Amino acid sequence: MSQSGFDEFFQLTMRNLKKNGFPANAVSFSMDRMYEEADKRGFSFNKVRDHLRQNGIESELVNNKVVFRSVVMQSNDPEMAEMQSAAQQLLSKLSTEDREKLLKMVRDMSPEQMETAQKQWESMSADEKKRVVQEMGKN
């Protein structure tokens, strides 16, 4: 397997996700096409899915589609976008094992827990939000 081929496919997938409204929206692509394109390049699409998961992007196989969702909460709050950016930076600094533990914890949150966390964030003052984002960036 060519690492550059894998990297190119990963970057192409990321560009196509963003072009289709990710991370604000879940995005789906043809399952057959994703697996075929990866296979043509000499690797399994499952390896790409694992790499995406390590970067905070979940993928789920639904009917004949691969549905991609961001693990991090979405909000119209511009400060939430700043927090998401800090969270992505934090994820990139963690070891693979620690990143997997953190992402699993977030994935396992119930919708009620996610909503509570989002309400807690939205109830914070701008200064409190800024402080949280700064603290996340220090780790």
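Residues numbered from 1 in each chain as written. Predicted model: local features only at pLDDT ≥ 70, side-chain atom pairs only at ≥ 80, totals over all residues. Heavy atoms only, no water.

1. A look at the overall build of the protein
- From N to C terminus, the protein includes seven helices and three strands.
- The linear arrangement of helices and strands in the protein, starting from the amino end, is α-β-α-α-β-β-α-α-α-α.
- Evaluated residue by residue, the protein yields a buried proportion of 33% over its 139 residues.
- Excluding contacts between residues fewer than 6 apart, the proportion of contacts in the protein whose partners are at least 24 apart in sequence is 64%.
- Of the roughly 8700 Å² of accessible surface on the protein, a fraction of 48% belongs to carbon and sulfur atoms. (Helix = DSSP H or I, 4+ residues; strand = E, 2+ residues; numbered from the N terminus. Buried < 20%, exposed > 50% of the residue type's maximum accessible area, 1.4 Å probe, protein only. Contact = heavy atoms within 4.5 Å. Areas by Shrake-Rupley, 256 points an atom, 1.4 Å probe, with all protein chains shown as cover.)

2. A word on the packing of helix α1 (residues 3-19) against helix α3 (residues 45-54)
- At a minimum axis distance of 11 Å, the contact between α1 and α3 shows a crossing angle of 60°. The orientation of α1 with respect to α3, classified from their angle, is oblique. Classified by chirality, the crossing of α3 by α1 is right-handed. Residues F6, F9, F10, T13 and M14 of α1 touch α3, and the partners they reach there are F45, K47, V48, H51 and L52.
- By residue class, the composition of the contact of α1 with α3 is seven nonpolar, two polar and one charged. (Axes fitted to C-alpha atoms, helices over the stretch in contact; angles between N-to-C directions. Parallel < 35°, antiparallel > 145°, perpendicular 65-115°, else oblique. Left-handed = near helix turned anticlockwise from the far one by under 90°. Nonpolar A, V, L, I, M, F, W, Y, C, P; charged D, E, K, R; others polar.)

3. Describing the pairing of strand β3 (residues 65-70)
- Sheet topology note: the strand β1 (residues 27-30)/β3 ladder contains four bridges and is antiparallel. Residue pairing across strands places F29 opposite V66, the latter belonging to β3.
- Where strand β2 (residues 57-62) and β3 come together, six bridges link them in antiparallel fashion. Of the residues in β3, the one forming a bridge with E58 is R69. (Pairing = 2+ DSSP bridges.)

4. A word on the packing of aromatic side chains
- Enumeration over the complete set of coordinates arrives at five aromatic pairs.
- Taking the centre distance of 5.7 Å and the plane angle of 65° together, the rings of F9 and F43 count as edge-to-face. With F9 in helix α1 and F43 in the loop between α2 (31-40) and α3, this pair connects stretches of sequence that are 34 residues apart. F43 shares its class with F9; the two are buried.
- Seen from their ring centres, Y35 and F45 are 5.0 Å apart, and the 75° between their planes marks the pair as edge-to-face. Highlighted residues: Y35 in helix α2 and F45 in helix α3, separated in sequence by 10 residues. (Phe/Tyr/Trp six-rings, centres within 6.5 Å; stacked < 30°, edge-to-face > 60°.)

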